[in-house]
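Descriptive analysis of the structure
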Amino acid sequence: MITKEDVEHVGWLARIEIDENDADEYASQLNDVLNHFEQLDEVDTENVPPTYHVIDLVNVFREDVARESLTQDKALENTSSSKEGYFKSYRII
Amino acid sequence: MAEENPDGVVIGLEIHVQLNKLNSKMFCACSTDYHNSEPNSNTCPVCLGLPGSLPVINEKAVESAMKVGLALNCDIVEQTQFHRKNYFYPDLPKGFQITQYDYPIANDGKIVIESDEGEHVVRIKRAHMEEDPGRMMHIGNIEKSKGTLIDYNRSGMALLEIVTEPDIRSPKESRRFLDKLRNIIEYLEVFDSNLEGAMRVDANISLQGGSRTEVKNISSHKGAERALLYEIMRQKNIMRRGGEVTMETRHFDEEKGCTVGLRSKEAEHDYRYFPEPDLTPLRVADRVPKVTKTLPELPDAKRERFLSQYGMTEMHAKALTSDIRVSEFFEEVAKEVDPKTSASWVADVLKGELNYRELTVDAFKVEDMISIIQMVTQDKITEKSAVEVIRQILDYGGKPDEIVRENGLLKVEEDVVSKAVTETIQENEQAVNDYFAGKEKSLNYLVGQVMKKTRGRADAKEVRELLVDKLNK
Amino acid sequence: MGEPMNISKIKSEIAKTSSEEVLNSYLEKINKSKINGYSTVYDEAVEEARDIDKNGHDGILAGVPVAVKDNISTDGIPTTCCSRILEGYTPPYDAHVVERLKSEGAIVIGKTNMDEFAMGTSTETSCYGPTLNPWDTGKVPGGSSGGSAAVIASDEAPVSLGSDTGGSVRCPASYCGVVGLKPTYGTVSRYGLISYANSLEQIGPLANNVSDVAIMMDVIGGHDTRDSTSVSQKTNYQNTLKDDVNGLKIGIPEEYFGEGIDPEVEESVWNAINKFEDMGATWEKVSMPNTSYALSAYYIIAMSEASSNLARFDGTQYGYRADGDNWHVMASRTRAEGFGTEVQRRILLGTYALSAGYYDKYYLKALKVRTLVKQDFENALSNVDVLMTPTMPTTAFKLGEKIKDPLSLYLADVNTVPVNLAGVPSISVPCGFSDGLPIGLQIIGKHFNESTILQAAYSFEQNTDYNAGRPGEVE
């Protein structure tokens, strides 16, 4: 059971501010979905390996060759806040 | 013999080594040569973490990591993969860092450090590959900052995080360990320690009976020693007052030389590691023999060889092998001049002069060292003059022979003066007798005769001293 | 009912007039359209058409307008995933598939509407408002690539690209009566596709007919060194398509005809299977016992990966940025204000599923169930060449009908998500109508065996006329 407090904790982990008034509704919606997920508990997966990749590939590499980078202008093109070539953002704490 | 450790200091280090000798970053083709670039001019969609971009593993980065692992006496893992470490921070453009988790590329190694008290083994728990975040600058200091400026040029640089077991017992020992580690990795030519941010350290430290704190943001070996000294003092004081050291992450303020606790909510983490779906697993253990073959002679082996091959002292061997560039410099010199003499000049003189000026051996030319040593051994200049020549080159530049000439350091010239003095004494019996009879003026006459013989090239004051010297023998 | 357009008709049209004229006629239609199929219309494409008219181009798509889903990066054209959080973001690079399209002379006419970040089955969660189903504007077009399917059905583009994480190409293809292919995982480079769930998704083409889908696959498929999970070599499907299913062995997994299936959908699919039999194929029932667990496993994996993929949208470098006392507060508000409700819900669920203490219960468990689902496909496809199922259990549902009930929306994907868990290829082709709404037949093949399902779909198309018509002009 996910509680209102759990929703707020997960919200912090995911950096999504949860409005206190919405937390209850979120909790009940998340519980509905999680209850559905519970059905997996009935599947016997002992000795079943997990599938991370459906295609069996290993050691896919790139050669150590450098290529041209984006220009500073291109890199900063999408920001609304830059200063002297840096991205500018809020203080950290 | 064990070092004394009355406070029961236990230190474990996590060292981030930037594999900055690669051509390109860990997961993209941006150059590793960004140190003199404008901010954000060395990026691409991948290292900016732009939506839709995908990482691809740099093969040489993996082999470099294996090289380091093998040099630190580690086992190389059979199969591994990259994971995502999820946390939010402005320097982390994707909101996660690609790193390794349960199967690091290398584990269970060790480094032996030497000190006055003997040898000490520091066990290496693991070494894993990951990507470097960008660089953040706080406008003002971190606590009262008005904002942050972010440069992603560094973002995506290949890092190797080396984690020790808590085997270190003092700040001094941690510095020795770090020096040795740096030396070994430099031997492998995967990293240049002179570049900014090449080696960064986090330290876990506790005293007997107290909790452990983690100190982050240490960017030099000296810094590590200072940060640890401060932290020991801080923890001791808390315990002395009967308080309890809280388990926390602290930030090292290099300028003030102190550690600062960070507010706990931001420091609270649940990294939600899971395998990076955009990368394939690695199966590289079969490359161990191949990589092993590429390993160069490492510091300890080189030290042994210097001892037996050149017959130098233990101290010289240690000094000459504690930095790969110095060892290579020495061997070049030793090809041309007597190795033992070379060892002494490089280890005792040159290294000291370099350290004093905070320079590396790159600041001095092999050929200059050879010619200076040759001048000494051929008795052309004195040892004192040779030291002077080294200093002049380091401070003002120039070639050894020019400096010797311009400063009249040739021993031959001294001989000319001294020969002229001897002759003058023999040829002017009357004046000599007058001198011993107390006639001061006769000394002036003798000086004049010597000056005449040397055609005025000698220094009158020196000549006078030399005369008095010889007359009174 | 209008005539469906196709690539060869467009090319002869261009030969008669010009790329510019053809493009303009499409832009005109788009401007008059009421279905809201595009998030961005790229009017500057006219320049590219003029350039092709002037200098010629020997590409196989020379001058052909192509609509591209709004989660596929296009250099210089906004790419927003139909989310407020990517407001104003214009990528400085092209996705691999867009590079491929351009190198064959195609013209990107615009970006198509979609469920925000491809998380949905109805294209209702777009920040640009819902796309309407051209067959009935009271109905959803399916999702998440609803725009990409709807603009084909309403002839606002001849071909388009979508992306399919759990059915997002096939579902709207089915609801809009067009053809849509989800290629084998690894066939098409994902470089430039804004990730929702990396281990599940592929870019896939939508078109009015199977041949055009084959042409598009030849263009966009093939190995790309920038995507580590990209594997295949270049293909030549367009020249090898044959009207021939003689001896084709079809497997019918009973589990896909279960509870919740609309009887008319079931009937149409069985008619299609009988048609295949008439054409020389055989069929048998097969069992895929883990099917009922696929949906939960799929959602756990997709949400977990999404929670990490979408972490980069924090207001620092691009897109929407809220205010805040410090960076963390700013990021939390940016994400609360910038993401829609469904996206937030999935991020929260995914974060929860990966968090300390729950990883084994949810994420790891789901990956193990994924193995079982994949084995179901391997077993079933070891005896038959293809599997056939209804693409969707019903026809298009009403706008607004499921949007308030996330779980019912998730359940609609029951027949499409197992395919993504297994990574196999699958195509949806029109196979009938119910109350004037199209029904889709799903044909599933073995890994990298696109040629077999394309040929089956092509043969079916040649011998039926379910996609011969198009909805009338939407007023």
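Per-chain numbering applies: the sequence of each chain, read as written, is numbered from 1 onward. Chains and ligands are labelled sequentially in the order written, the chains with letters from A and the ligands with numbers from 1. Residues qualify for local features only when their pLDDT is at least 70, as the model is predicted, and side-chain atom pairs are given and counted only at 80 or more; totals for whole chains, interfaces and linings, by contrast, use all residues. Side-chain calculation: all heavy atoms of the structure are included, whereas hydrogens and water are not.

Focus: the overall build of chain B
Our working rule: A run of H or I in DSSP becomes a helix once it reaches four residues, and a run of E becomes a strand once it reaches two; helices and strands are each numbered from the N terminus. Here a residue-residue contact requires only that any non-hydrogen atoms of the pair lie within 4.5 Å. Accessible areas in this description were obtained via Shrake-Rupley with a 1.4 Å probe; residue shielding takes into account the shown protein chains only. Asp and Glu count as negative and Lys and Arg as positive, but His and the ends of the chain are not part of the count. Charge coordinates come from a single atom per side chain, which is NZ of Lys, CZ of Arg, CG of Asp or CD of Glu.
The number of helices and strands found in chain B is 16 helices and 15 strands. Considering only contacts in chain B between residues 6 or more positions apart, those separated by 24 or more positions represent 69%. When the accessible area of chain B is evaluated, it comes to approximately 21600 Å², of which 47% is carbon and sulfur surface. Counting 66 positive and 81 negative side-chain charges, chain B places the centres of these two groups 2 Å from one another.

Looking at the interface of chain C and chain A
What counts is decided by this rule: Values labelled buried area give the accessible surface lost by two parts on being combined, using a 1.4 Å probe and summing over both. We define a salt bridge as a side-chain nitrogen of Lys or Arg found within 4 Å of a carboxyl oxygen belonging to Asp or Glu. Between N or O atoms, a polar contact is any pair within 3.5 Å; within protein, one atom must be a potential hydrogen donor and the other a potential acceptor, and residues adjacent in sequence are included only when both atoms are from side chains.
Listed per partner, the contact involves 68 residues of chain C and 49 residues of chain A. Interface area for chain C against chain A, summed over the two sides, is near 5300 Å², with a carbon-plus-sulfur share of 64%. For the pair chain C and chain A, the number of links is four salt bridges. Note that D41 of chain A is salt-bridged to K361 of chain C, the shortest N-O span being 3.3 Å. Counting across the interface, chain C meets chain A through 21 residue pairs in polar contact (both at pLDDT 80 or more). Where the side of chain C that touches chain A is concerned, the elements lending two or more residues are α9 (291-309), α10 (327-338), α11 (341-354), α12 (360-383), α13 (406-411) and α14 (417-422) of chain C.

Overview of the sheet that holds strand β7 (residues 249-253) of chain C
Residue and element names in this part refer to chain C. We count it as follows: In this scheme, strands are said to pair when DSSP sees at least two bridges between them. Lines are fitted to the C-alpha atoms to define the axes, a helix being fitted only along its stretch in contact, and any angle between axes, read from their N-to-C directions, falls within 0 to 180 degrees.
Reading across the sheet, the eleven strands line up as β1-β3-β2-β4-β6-β5-β10-β11-β9-β7-β8 and stay open at both edges, with mixed pairing between neighbours. With one partner strand each, in any of the chains shown, β1 (38-41) and β8 (282-286) form the two edges of the open sheet. Going across the sheet, the axis of each strand differs from the next one's by a mean of 30°, ignoring polarity. As defined by bridge partners, strand β5 (residues 179-182) adjoins strand β6 (residues 202-207) across two bridges and the pair is classed as antiparallel. Note that in β6 the partner of V179 across the bridge is A207. The strands touched by helix α8 (residues 263-278) are β7, β8, β9 (386-390), β10 (426-434) and β11 (437-444); relative to β11, the strand with the most contacts, the crossing angle is about 50°.

Considerations on the domain arrangement of chain B
Residue and element names in this part refer to chain B. For the record, the criterion: All the domain ranges listed were derived from an automatic or database domain assignment.
Under the domain assignment, chain B is made up of domain 1 (10-291), domain 2 (297-406) and domain 3 (414-471). Distance from the C-alpha centre of domain 1 to the C-alpha centre of domain 2: 34 Å. Contacts between domain 1 and domain 2 engage 13 residues on the former and 16 residues on the latter. Summed over both sides, the interface of domain 1 with domain 2 buries roughly 1000 Å², with 48% coming from carbon and sulfur. Of all residues in domain 1, E114, N183 and Y187 give up the largest surface area on contact with domain 2, accounting jointly for 52% of the area buried on that side. Where domain 1 touches domain 2, the interface holds four salt bridges. Among the salt bridges present, the one from K222 reaches E358, with a minimum N-O distance of 3.7 Å. Run the count over domain 1 and domain 2 and you get seven residue pairs in polar contact (both at pLDDT 80 or more). Sort the elements by how many residues they give to the side of domain 1 that touches domain 2 and helix α2 (residues 171-187) lands first, with five residues.

Side note on the environment of K446 of chain C
Residue and element names in this part refer to chain C. Looking at the secondary structure, you find K446 in the loop between β11 and α15 (450-462). Residues K446 and Y175, 271 residues apart in the sequence, show an inter-C-alpha distance of 25 Å. Setting aside residues up to four positions removed in sequence, K446 forms contacts with T184, L381, V384, D385 and P425.

Some words on the nonpolar core
Convention followed: Nonpolar cores are built from buried Ala, Val, Leu, Ile, Met, Phe, Trp, Tyr and Cys residues. Side-chain atoms within 4.5 Å join them into one set. Burial here depends on accessible area, computed with a 1.4 Å probe over protein chains only, as a share of the maximum for the residue type. Under 20% is buried, over 50% is exposed, and the range in between is partly exposed.
Ranked by internal contacts, the top residues of the largest apolar core, which has 171 residues, are L101, F117, F276, F377 and I443 of chain C. Beyond its immediate stretch of four places on either side in the chain, F117 of chain C contacts C81, S83, I85, L86, I194, Y196, L310, F313, F339 and V343 of chain C. Residues F82, L160, F191 and L279 of chain B belong to the second largest nonpolar core, which totals 64 residues.

Notes on the side chain of N86 of chain B
Note that N86 of chain B resides in strand β4 (residues 83-86). By relative accessible area, which is 2% here, N86 of chain B ends up buried. A distance of 2.9 Å separates polar atoms of two side chains, one belonging to N86 of chain B and the other to S308 of chain C. With sequence-adjacent residues up to four places away left out, N86 of chain B is seen in contact with G95, F96, D270, Y271, R272 and F274 of chain B together with S308 of chain C.

Observations concerning the interface of chain A and chain B
This is how it is decided: By the convention adopted, Pro, Cys, Tyr, Trp, Phe, Met, Ile, Leu, Val and Ala count as nonpolar, Lys, Arg, Asp and Glu as charged, and the other residues, Gly among them, as polar.
On the chain B side, the residues contacting the 35 residues of chain A number 59 residues. Carbon and sulfur atoms make up 60% of the surface buried where chain A meets chain B, a total of about 4000 Å² over both sides. Taken together, the links from chain A to chain B amount to zero salt bridges. For the side of chain A that touches chain B, the elements supplying multiple residues, two or more each, are α1 (4-13), β1 (61-62), α3 (72-76) and β3 (86-89) of chain A. A per-element tally of the side of chain A that touches chain B places β3 of chain A first, with four residues. Classifying every residue of the side of chain A that touches chain B by side-chain character gives 18 nonpolar, eight polar and nine charged. Sheet topology places β1 of chain A next to strand β2 (residues 57-58) of chain B; two bridges connect them, and they run parallel. When the bridges of β2 of chain B are listed, F61 of chain A appears paired with I57 of chain B.

A word on the sheet that holds strand β13 (residues 248-253) of chain B
Residues and elements named next belong to chain B. One open sheet accounts for nine strands, arranged β3-β6-β7-β10-β1-β11-β12-β13-β14; its pairing is mixed. What marks the edges here is a single partner per strand, and that holds for β3 (75-76) and β14 (258-261). Lying on the sheet, helix α1 (residues 59-71) is in contact with β3, β6 (106-115), β7 (118-131) and β10 (158-164); it crosses β10 at an angle near 25°.

Topic: the confidence of the model for chain B
Cut-off, in case you're wondering: Confidence scores per residue from the predictor, reported as pLDDT, run from 0 to 100.
In this model, chain B carries an average pLDDT of 91, and 96% of its residues clear a pLDDT of 70 or more. The ipTM for the predicted assembly is 0.97, set against a pTM of 0.90.

Quick word on helix α15 (residues 441-453) of chain B
Put simply, the rule reads: Helix span, expected: 1.5 Å multiplied by one less than the number of residues in the helix.
Compared with the 18 Å implied by 1.5 Å per residue over 13 residues, the 19 Å span of α15 of chain B between its first and last C-alpha is a close match. Where α15 of chain B is concerned, the buried positions are S442, L443, L446, V447, Q449, V450 and M451 of chain B.

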